[in-house]
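Summary of the model geometry
This is what each chain is made of:
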Amino acid sequence: MKILVVNPNTTASMTAKIAAAARRVARPDTEIVATNPTEGPTSIQGYLDAATCVPGLLAEVRRQSGYDAIVVGCFDDTGVDALRCITDVPVIGIGEAAYHAAAMISTRFSVVTTLSRSVAGLEANLLRYGLDRKCGRVRASDVPVLKLEEGDAKTIDKIRAEIEKAISEDGAEAIVLGCAGMTDLMTTLSNEFGLPVIDGVTCGVTLAEALVSSGLKTSKKRAYSLS
């Protein structure tokens with residue numbers, strides 16, 4: 001199968017990181033095509049970035065062809081509903097995929113994301129997905145998205161500090177990493193803290209494979225229909 005993994009921002013280094021994470025978990029017979037728009041915000045941090053990236057995201061997906069599923073590599077699940085309207089293949093947002101994974105392997109999880117202005121949107125998504133009661137808290141590490149591309153030790157320490165608080169203060173049994181730029185931290189932090197640390201990119205790809213293998217497509221009855 002062929003999975004289109006789209007980073008809705010224009011930062012190529014983040015797209016490369018997302019692609020590497022996707023290929024690590026994809027089945028041997030799965031082709032991962034990773035791409036990003038050429039126009040739009042360089043990172044998605046809050047409502048304005050989420051809105052302004054959608055035209056480029058839609059244009060980039062329309063430019064591609066022959067894919068069996070789409071994974072949107074933005075934890076805000078930006079543009080997922082719009083994409084489901086223009087295609088019948090499964091469209092997976094990495095935020096929704098990670099939340100569902102966390103809910104199935106723990107009774108309580110917390111989210112560690114980037115900036116505080118991103119928190120409200122993630123909380124709204126949890127409410128919409130019906131998983132807000134299983135989430136202890138959405139925590140901001142106050143790390144800008146593009147700072148994650150530098151791999152600075154102090155940056156990772158800020159994420160570690162929020163994970164420690166989530167465990168001690170929220171009673172979290174699992175941690176969801178609330179940014180695609182954190183995808184390379186999953187294994188290290190899982191081993192360090194002794195609990196599941198969940199990355200949405202890997203969850204999104206494996207869920208997309210499962211849906212395609214099951215022969216499932218996006219419903220065109222009512223909400224995602226264009227007619």
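Residues numbered from 1 in each chain as written. Predicted model: local features only at pLDDT ≥ 70, side-chain atom pairs only at ≥ 80, totals over all residues. Heavy atoms only, no water.

**Some words on the sheet that holds strand β7 (residues 174-177)**
Adjacent strands of a sheet form backbone hydrogen bonds with each other and so pair up, either parallel or antiparallel. To keep things clear, this is the line we draw: For two strands to count as paired, DSSP must find a minimum of two bridges between them. Numbering of helices and strands runs from the N terminus, with a helix taken as a DSSP run of H or I at least four residues long and a strand as a DSSP run of E at least two residues long. Geometry is summarised by axes, namely lines fitted to C-alpha atoms with helices restricted to the contacting stretch, and by angles between N-to-C directions that run from 0 to 180 degrees. Any pair of residues with heavy atoms lying within 4.5 Å of one another is described as a contacting pair.
A sheet is described by the order of its strands in space; here four strands give the open sequence β6-β5-β7-β8, paired in parallel fashion. Edge positions in the sheet fall to β6 (135-140) and β8 (197-199), since each has one partner strand and no second. For this sheet, the mean angle separating the axes of adjacent strands, direction not counted, is 25°. In the packing of helix α7 (residues 153-169) onto the sheet, the strands contacted are β5 (109-113), β6 and β7, and the crossing angle to β6 comes to about 155°.

**Digging into empty space enclosed by the protein**
Short version of the rule: Points on a 1 Å grid over protein atoms alone make up a cavity when a 1.4 Å probe fits among them but cannot get out, and a pocket when they form an open set with protein on both sides within 12 Å along at least five of seven lines; lining residues each have an atom within 4 Å of a point. Grid points are joined across faces, edges and corners, and a volume is the space filled by probe spheres set on the points. Amino acids are sorted into nonpolar (Ala, Val, Leu, Ile, Met, Phe, Trp, Tyr, Cys and Pro), charged (Asp, Glu, Lys and Arg) and polar (every other residue, Gly among them).
Evaluation of the coordinates by the stated rule reveals one cavity of 30 Å³ or more. Of the volumes computed, that of the largest cavity is approximately 120 Å³. Forming the walls of the largest cavity are 16 residues, and the residues nearest its centre are Ile 44, Cys 74, Phe 75, Asp 76 and Cys 179. For the lining of the largest cavity, the residue count by class is eight nonpolar, seven polar and one charged.

**Overview of the sheet that holds strand β4 (residues 91-93)**
Reading across the sheet, the four strands line up as β2-β1-β3-β4 and stay open at both edges, with parallel pairing between neighbours. Looking at the sheet topology across the chains shown, the edges are occupied by β2 (31-35) and β4. Geometrically, the sheet is characterised by an average inter-axis angle of 20° between neighbouring strands, direction not taken into account. Docked against the sheet, helix α1 (residues 12-25) engages β1 (2-6) and β2, running at close to 165° with respect to β2. Together, β1, β2, β3 (69-72) and β4 form the strand contacts of helix α9 (residues 200-213), whose direction differs from that of β3 by roughly 160°.

**Overview of the pattern of salt bridges**
The cut-off we apply is this: Only one rule defines a salt bridge in this text: a Lys or Arg side-chain nitrogen within 4 Å of an Asp or Glu carboxyl oxygen.
If you walk through the whole model with that rule in mind, you get 14 salt bridges. Between Arg 27 and Glu 209 there is a salt bridge, with the nearest N and O atoms lying 3.8 Å from each other. Of this pair, Arg 27 sits in the loop between α1 and β2 while Glu 209 sits in helix α9; the two residues are 182 residues apart in sequence, bridging distant segments of the chain. What emerges from the salt-bridge pattern is a single network uniting Arg 139, Glu 162, Lys 165, Glu 169 and Asp 170.

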